[in-house]
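# Observations on the model geometry
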Amino acid sequence: KIGEQKHAREPSSLQQCMHLAVVACGDRLEETLIMLKSAILFSNRRLCFHIFAEDSLRPEFEKKLKEWPSSYTKKFEHHIYPITFSVGNAQEWKKLFKPCAAQRLFLPVILKDVDSLLYVDTDVLFLRPIEDIWHILKEFNSTQLAAMAPEHEIPKIGWYSRFARHPYYGTTGVNSGVMLMNLTRIRSTQFKNSMIPSGLSWEEMLYPLYQKYKNHITWGDQDLLNIIFYFNPECLYVFPCQWNYRPDHCMYGSNCKGAEEEGVSILHGNRGVYHDDKQPTFKALYEVIRDFPFEDNLFQSLYYPLQSKFLDTVHTLCGRIPQVFLKQIEKTMKKVYENRVIVYLGANHRY
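Conventions we followed
Residues numbered from 1 in each chain as written. Predicted model: local features only at pLDDT ≥ 70, side-chain atom pairs only at ≥ 80, totals over all residues. Heavy atoms only, no water. Axes fitted to C-alpha atoms, helices over the stretch in contact; angles between N-to-C directions. Helix = DSSP H or I, 4+ residues; strand = E, 2+ residues; numbered from the N terminus. Parallel < 35°, antiparallel > 145°, perpendicular 65-115°, else oblique. Left-handed = near helix turned anticlockwise from the far one by under 90°. Contact = heavy atoms within 4.5 Å. Nonpolar A, V, L, I, M, F, W, Y, C, P; charged D, E, K, R; others polar. Core = buried A, V, L, I, M, F, W, Y, C linked by side-chain atoms within 4.5 Å. Buried < 20%, exposed > 50% of the residue type's maximum accessible area, 1.4 Å probe, protein only. Domains from an automatic or database assignment. Pairing = 2+ DSSP bridges. Buried area = accessible area lost by both parts, 1.4 Å probe. Salt bridge = Lys/Arg side-chain N within 4 Å of Asp/Glu carboxyl O. Polar contact = N/O pair within 3.5 Å; in protein donor to acceptor, adjacent residues only side chain to side chain. Expected span 1.5 Å × (residues − 1). Disulfide = S-S within 2.5 Å. Phe/Tyr/Trp six-rings, centres within 6.5 Å; stacked < 30°, edge-to-face > 60°.

### Some points on the packing of helix α13 (residues 280-291) against helix α14 (residues 298-311)
- With their axes 10 Å apart at the nearest point, α13 and α14 run at an angle of 155 degrees to one another. The orientation of α13 with respect to α14, classified from their angle, is roughly antiparallel. Crossing handedness for the pair α13 and α14: right-handed. Residues Thr 281, Ala 284, Leu 285, Glu 287, Val 288 and Ile 289 of α13 form the contact with α14, whose own contacting residues are Leu 302, Pro 305, Leu 306, Lys 309 and Phe 310.
- Grouping the amino acids of the contact of α13 with α14 by side-chain chemistry returns eight nonpolar, one polar and two charged.

This is how it looks when you write it as structure tokens:
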């Protein structure tokens with residue numbers, strides 16, 4: 001049964017899991033829980049959540065996750081960690097950008113028993129099973145050890161291409177809000193850098209890199225990752241924008257062709273758009289997943305309310321393309337029901 005002989009089974013369960021890591025500080029408790037909820041609503045494989053949270057939030061996470069119904073809690077196991085930085089000044093790292101965001105840089109050092117994981121920001125929502133992005137790990141070539149999406153699709157409106165005062169990856173930089181990481185490869189690689197002629201390990205590189213560029217970076221740990229992959233471009237796999245779809249992809253006109261063709265796979269509501277009225281399409285998705293009762297019918301209690309809310313957003317730039325937001329989530333829900341019907345029929349057939 002779930003939970004029995006936990007310590008004896010832990011190594012194999014860790015290997016079988018799809019690992020999802022998130023860092024939550026300040027007022028990000030609800031946002032993080034809604035992200036985790038979206039992850040388990042659609043996925044069929046077992047998930048391991050690695051939640052890094054400041055001390056005041058850790059008991060709240062334990063309490064809230066235990067309140068979820070057993071039909072869902074059996075789909076995942078969770079581990080909650082304190083915020084820790086293995087090198088440099090902890091206070092500097094905490095204040096680098098958003099509270100505690102730099103923690104993601106230390107995941108390869110802390111999660112020594114984890115081979116690969118998906119890191120996401122708290123303001124991310126999954127609109128299809130995690131296993132679909134997890135498969136991208138198998139597409140890595142022999143040198144690639146991480147995957148991210150471009151920061152922008154169009155260089156002339158990109159932040160890095162216009163304003164960056166430090167090296168960055170490619171022509172538009174990359175966004176670190178959704179990041180696949182092969183931790184085993186990261187731990188074993190010597191990275192080229194601008195500080196010494198020979199390579200440095202990931203952990204050796206972090207603090208000197210920060211010291212060298214701290215007066216030139218704006219977006220904290222994301223900028224440091226851009227600098228790392230500028231010097232090591234062969235280490236990065238770039239996945240398309242539908243896996244990290246942000247307001248920038250529709251607020252200046254639609255500029256994510258992958259989302260237009262396939263629908264949004266992972267929604268990233270940066271700029272605080274889940275909590276204000278600037279992008280009601282993003283807010284609608286967040287609120288519908290937040291309010292969805294776990295045991296209810298997905299079409300009736302999630303998809304239909306979403307369609308209704310979208311009718312109120314058609315006057316906005318992002319709301320004018322509702323099919324981009326709805327296509328993947330509709331396909332995902334159909335698969336969920338197909339799987340349940342097959343399992344049900346199979347069970348009846350056996351008996």
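That was the structure; now back to the text.
### Comments concerning the nonpolar core
- Within the largest apolar cluster, 74 residues are counted, with the highest numbers of intra-cluster contacts made by Tyr 245 and Phe 325.
- Considering each element in turn, this core owes the most residues, nine residues, to helix α2 (residues 29-42).
- Viewed by domain, this core spans two of them, domain 1 (18-239) and domain 2 (242-348), each represented by three or more residues.
- Residues contacting Phe 325, with those up to four places away along its chain left out, are Leu 127, Tyr 245, Cys 250, Val 264, Leu 267, Thr 281, Phe 282, Leu 285, Phe 310 and Cys 318.
- Counting 43 residues, the second-largest nonpolar core is a separate cluster that includes Val 23, Cys 100, Ile 186 and Leu 209.

### A short note on the sheet that holds strand β6 (residues 146-150)
- Strand order in this open sheet of seven strands is β3-β2-β1-β4-β7-β6-β8, and the pairing throughout is mixed. Pairing within the sheet leaves two strands with one partner each, and these edge strands are β3 (76-81) and β8 (236-238). Neighbour-to-neighbour, the strand axes of this sheet turn through a mean angle of 25 degrees, independent of strand direction.
- Strand direction decides the pairing type here: strand β1 (residues 18-24) and strand β4 (residues 116-120), joined by two bridges, are parallel.

### Structural notes on the side chain of Gln 103
- Inspection of the secondary structure assignment puts Gln 103 in the loop between α5 (90-94) and α6 (107-110).
- The class of Gln 103 is buried, set by a relative accessible area of 0%.
- Each residue touching Gln 103, except ones within four places of it in the same chain, is listed here: Val 23, Phe 52, Pro 82, Ile 83, Thr 84, Phe 85 and Ile 110.

### Regarding the domain arrangement of the protein
- What the domain assignment reports for the protein is domain 1 (18-239) and domain 2 (242-348).
- Computed from C-alpha atoms alone, the centre-to-centre distance between domain 1 and domain 2 is 23 Å.
- Taken together, the contact between domain 1 and domain 2 spans 35 residues of the former and 35 residues of the latter.
- Between domain 1 and domain 2 lies a buried interface of about 3,100 Å² when both sides are counted; carbon and sulfur atoms form 63% of it.
- Considering only the surface of domain 1 that becomes buried against domain 2, Leu 125, Leu 127 and Arg 128 emerge as the three largest contributors, covering 24% of it.
- If you look at where domain 1 meets domain 2, you find one salt bridge.
- Notably, a salt bridge pairs Arg 246 with Glu 151, separated by 3.9 Å at the nearest N-O pair.
- Our count for the domain 1 to domain 2 interface comes out at 18 residue pairs in polar contact (both at pLDDT 80 or more).

### Brief notes about α13
- The terminal C-alpha atoms of α13, which comprises twelve residues, lie 16 Å apart, in line with the 16 Å expected from a rise of 1.5 Å per residue.
- In terms of residue burial, α13 counts as a mostly covered element, since nine of its twelve residues are buried.
- All of the buried residues along α13 are Thr 281, Phe 282, Lys 283, Ala 284, Leu 285, Tyr 286, Glu 287, Val 288 and Ile 289.

### Notes on the state of the cysteines
- For the structure on display, the rule yields four disulfides.
- Covalently, Cys 25 is tied to Cys 100 through a disulfide, its sulfur atoms 2.2 Å apart. A torsion of -95 degrees about the S-S bond marks the disulfide between Cys 25 and Cys 100 as left-handed. Here Cys 25, found in the loop between β1 and α2, pairs with Cys 100, found in the loop between α5 and α6; they are 75 residues apart in sequence, far enough to count as distant.
- Since its relative accessible area comes to 5%, Cys 100 is described here as buried.
- Between the sulfur atoms of Cys 241 and its disulfide mate Cys 256 the distance is 2.0 Å. Taking the torsion about the S-S bond as the criterion, the Cys 241 to Cys 256 disulfide, at about 100 degrees, is right-handed.

### Brief notes about the packing of aromatic side chains
- This model, assessed by the stated rule, comprises 19 aromatic pairs.
- Taking 5.8 Å as the distance between ring centres and 80 degrees as the angle between the ring planes, the aromatic pair formed by Phe 299 and Tyr 303 counts as edge-to-face. A residue pair is termed a helical-turn pair when its members lie 3 or 4 positions apart in one helix, as Phe 299 and Tyr 303 do in helix α14 at four residues.
- For Tyr 303, a relative accessible area of 6% translates into the label buried.
- Put simply, the rings of Phe 49, Trp 68, Tyr 72, Phe 76 and Phe 294 pair up and form one aromatic cluster.

### Section: α14
- Over its 14 residues, α14 runs 19 Å from end to end, which matches the ideal 20 Å to within 8%, given 1.5 Å per residue.
- The complete set of buried residues in α14 reads Leu 298, Ser 301, Leu 302, Tyr 303, Leu 306 and Phe 310.
- Residue Asn 297 occupies the N-cap position of α14, its side-chain oxygen lying 2.9 Å from the main-chain nitrogen of Phe 299.

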